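What follows is the residue order along each chain.
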Amino acid sequence: MIKYVIKRILMMIPVLIGVVIIVFTINYFSEVSPAVILAGANATAEDIAAKNAELGLDRPYLVQIGSYFYNLIFHGSMGTSYIYKQPVISMIATRMPYTLTIGIIAAAFSAVVGIVLGILGAVKQNSIFDYISTTLSIICAALPPFLVCLGLMLVFSVHLKWLPIQGINGWKSYILPIIATGLSPIAMTARMTRSSILEVIRQDYIRAARAKGVPEGVVVWKHTLKNALIPILTVVGMNFGLSMTGSVICETIFNIPGLGLLMASSISQRDFITTQGCVLVCAFIVCVMNLLTDLCYALVDPRIKAQYKNTGKSIKKRSIQKGGAAA
Amino acid sequence: MSLLEIKNLEIRFNTDAGVVHAVNGINLTIEEGESFGLVGETGAGKTTTALAILNLLQSPPAEIVSGEIIYKGQDILKMSKNKLREIRGEEISMIFQDPMTSLNPVMTIGEQIMEAVKYHSGKSAADAQLRMLEMLEKVRIPAERSYDYPHQFSGGMKQRVVIAEALAANPALLLADEPTTALDVTIQAQVLDMISSLQKENKTAMLLITHDLGVVAETCKRAAIMYAGEIVEIGTVEQIFDSTAHPYTKGLFNSIPSLDKKTDRLMPIRGLMPDPMDLPKGCKFAPRCPYADESCINECPPLKDLGEGHYCKCHHADKGAPLYFPDEKGNELAYEHGLPVSNPGNDFLGKGDGPNGK
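Quick caveat: nothing in here was measured; it's all calculated off a predicted structure. (Residues numbered from 1 in each chain as written. Chains lettered and ligands numbered in written order. Predicted model: local features only at pLDDT ≥ 70, side-chain atom pairs only at ≥ 80, totals over all residues. Heavy atoms only, no water.)

### Some thoughts on the pairing of strand β10 (residues 230-236) of chain B
Residues and elements named next belong to chain B. In terms of burial, β10 is largely enclosed, as six of its seven residues are buried. Here strand β9 (residues 222-227) runs beside β10; their pairing, made up of six bridges, is antiparallel. Bridge pairing in β10 places Y227 opposite E230. Two elements, β10 and strand β12 (residues 311-312), share two bridges in a ladder whose sense is antiparallel. The residue bridging E233 from the neighbouring strand is C312, located in β12. (Buried < 20%, exposed > 50% of the residue type's maximum accessible area, 1.4 Å probe, protein only. Helix = DSSP H or I, 4+ residues; strand = E, 2+ residues; numbered from the N terminus. Pairing = 2+ DSSP bridges.)

### Some details on unusual backbone geometry
The phi dihedral of N255 of chain A falls on the positive side, at around 55°, and the residue is not glycine. Here N255 of chain A shows up in the loop between α10 (216-254) and α11 (259-268). We classify N255 of chain A as partly exposed; its relative accessible area is 36%. Despite not being glycine, N8 of chain B shows a phi value in the positive range, around 50°. Mapping N8 of chain B onto the fold places it in strand β1 (residues 4-15). Accessibility expressed as a relative area gives 44% for N8 of chain B, which makes it partly exposed.

### Quick look at empty space enclosed by the protein
Overall, the coordinates contain five cavities of 30 Å³ or more when judged by the stated rule. By volume, the largest cavity amounts to about 80 Å³. As for the largest cavity, its lining consists of A208, A211 and K212 of chain A together with G89, S93, M94, F96, S102, A116, V162, E165 and A166 of chain B. Counting only elements with at least two residues in the lining of the largest cavity, the list comes to α9 (204-211) of chain A together with β6 (92-95) and α5 (155-167) of chain B. Counting residues per element, the lining of the largest cavity draws most heavily on α5 of chain B, which supplies three residues. Along the lines of polarity and charge, the residues of the lining of the largest cavity split into seven nonpolar, three polar and two charged. Lining the second largest cavity, in full, are H246, P247, C283, F285, C289, C296, P301, C314, H315 and H316 of chain B. (1 Å grid on protein atoms, 1.4 Å probe; cavity = no way out; pocket = protein on both sides within 12 Å on 5 of 7 lines; lining within 4 Å. Points joined across faces, edges and corners; volume = space filled by probe spheres on them. Nonpolar A, V, L, I, M, F, W, Y, C, P; charged D, E, K, R; others polar.)

### Details of the pairing of strand β2 (residues 18-30) of chain B
Residues and elements named next belong to chain B. In terms of strand pairing, β1 meets β2 through 10 bridges, oriented antiparallel. Across the sheet, residue I11 finds its bridge partner in β2, namely V23. Taken together, β1 and the strand that follows it, β2, pair antiparallel across an intervening segment of two residues.

### Some words on the pattern of salt bridges
Opposite charge on two side chains allows them to pair when their charged atoms are near. Scanning all chains against the criterion turns up 23 salt bridges over all chains. In this structure, K212 of chain A engages E115 of chain B in a salt bridge whose closest nitrogen and oxygen atoms are separated by 3.1 Å. Highlighted residues: K212 of chain A in the loop between α9 and α10 and E115 of chain B in helix α3 (residues 109-118), drawn from two different chains. K284 of chain B is the partner of E230 of chain B in a salt bridge, and the nearest nitrogen-oxygen pair spans 3.2 Å. Taken together, the residues E230 of chain B in strand β10 and K284 of chain B in the loop between α9 (247-254) and α10 (294-298) connect sequence positions 54 residues apart. Side by side, E230 of chain B and K284 of chain B carry an identical accessibility label, which is buried. (Salt bridge = Lys/Arg side-chain N within 4 Å of Asp/Glu carboxyl O.)

Printed below as a string of structure tokens:
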């Protein structure tokens, strides 16, 4: 099991390298250089060239990307922001708590509400509960996030004046962003839970459990849900990743000083090195969430657990063989 | 009073394509401790009948149109959900056809066997565990394997787990739905023996559903032959095998290969079972029956009493009707190949003229 985890962590490295290369390349070929923005409106060609040299942007592509990786690996540095002249890593670190708070709470909230709606829909299939749960989730899924943000703001902040409009000022400021981020994940989770449970509840072993006289509640919560959980976990894990990227829109609208807002402003200011740092952190979080999801599979399903154990064994065997060959 | 009495049971499935008439007015009784065989082709309505006894049919699409299923004097079809739950597992339990799919893959087998005991009145978790270990021993699975999951067992062992599960609460009636069909031939006999001996030990009555007449001959005292949702012949195993009355039953015997007769070809029953959405008006077997005449096509035969509890649903149920089916060309293969004219069912009971039948 530990071997499996180590293997998975090692597999994250190529993914992250790939992400850096793609973002770096897109930025490198961007039409507007950061130097043009920094030098100001009346800058001459010499000013721009000087800025470029100062930022190290006049160097060849391979040298630039090479030095980025060198600094990242050996100094743990993501470079210095072109605009704010601060280390990117510390900028991200100060903004991360806001994004994580909203992301984690929104993911947990959407998982709980989504699973309950889904179970209700499946167990009371074709009843009024099912229709309400289906309608709610279709509405949640169909609403574009920016519209949800603006709508919530208009109703709860502008008209009812219950909650602050923007910025972070006490716990109340988190409520609207969490709801806005969580709505479409609720829909996805509910739909997935419903279909997954409906599939499992038709299985022979559910009928066998009923034939043993197991109470209906135990049939649903223990026999059915545990078997239906794998696809649900996948969606919940994915939703967490989505809420990180979704934070760009939500944080911009609610003006929350988190990772999303930093990413959005760094793109508009051509502060590419900051953008790159933000994307790298997002990719890392998504990778970690994927790994956690896969580990949760093993908790739920003993067959997957056995598979993971075997993965560990095959690594061991291979390394023994390698060791033997070297000797 | 019989342990179980099914009266005039009629079940249909209302599907988008039409109404499927799965069970059409069957009557049968099972006495305490008795083994009863229910034989028929696939699609004859055997499993539907068994599921109806536990009231486990998914409704919709299933609809129990009429009939009663009386268990110890009470109608199962009219019981409250709670009462029904108490009966399931403790009074009547079921072994399902496929052991691969009837165990929950994410629960240990110990847990699953215990469930059969745990959720019934007056049993503590400790009782359930003791009983689980006892059952595992009876089906010859080592106790330490109770913490293993179904995917760690072979097919035959899984079926033994299912048997342990079904008999854990010491039920009065066991419904065994083709318990050996999904298994390797080599362990079929072993599993059947295990079911029979446990059943005898606990004095459990059994409804054995199968398409294998050999299994019935070995295990049961009485049997019923089912065709297109109807019971066409019912009686003791001797009556059915020795004095086979219904042409369909005869057809079944003729389609079984025999070791002690030299036969070039088997004689299967011509045609297919009628579409359950569009059953014939008269006798359901008439389109395939070589003896069918006007009356068979127009009018449904009654269940004729042939004496001593032997009943047959055929206009031509009189003794002495020819036993063999002509092939497509109308030749009576049986005579061509010089087969004995004795009743083919005799071979099963070891009474035939073959080398084994002395």
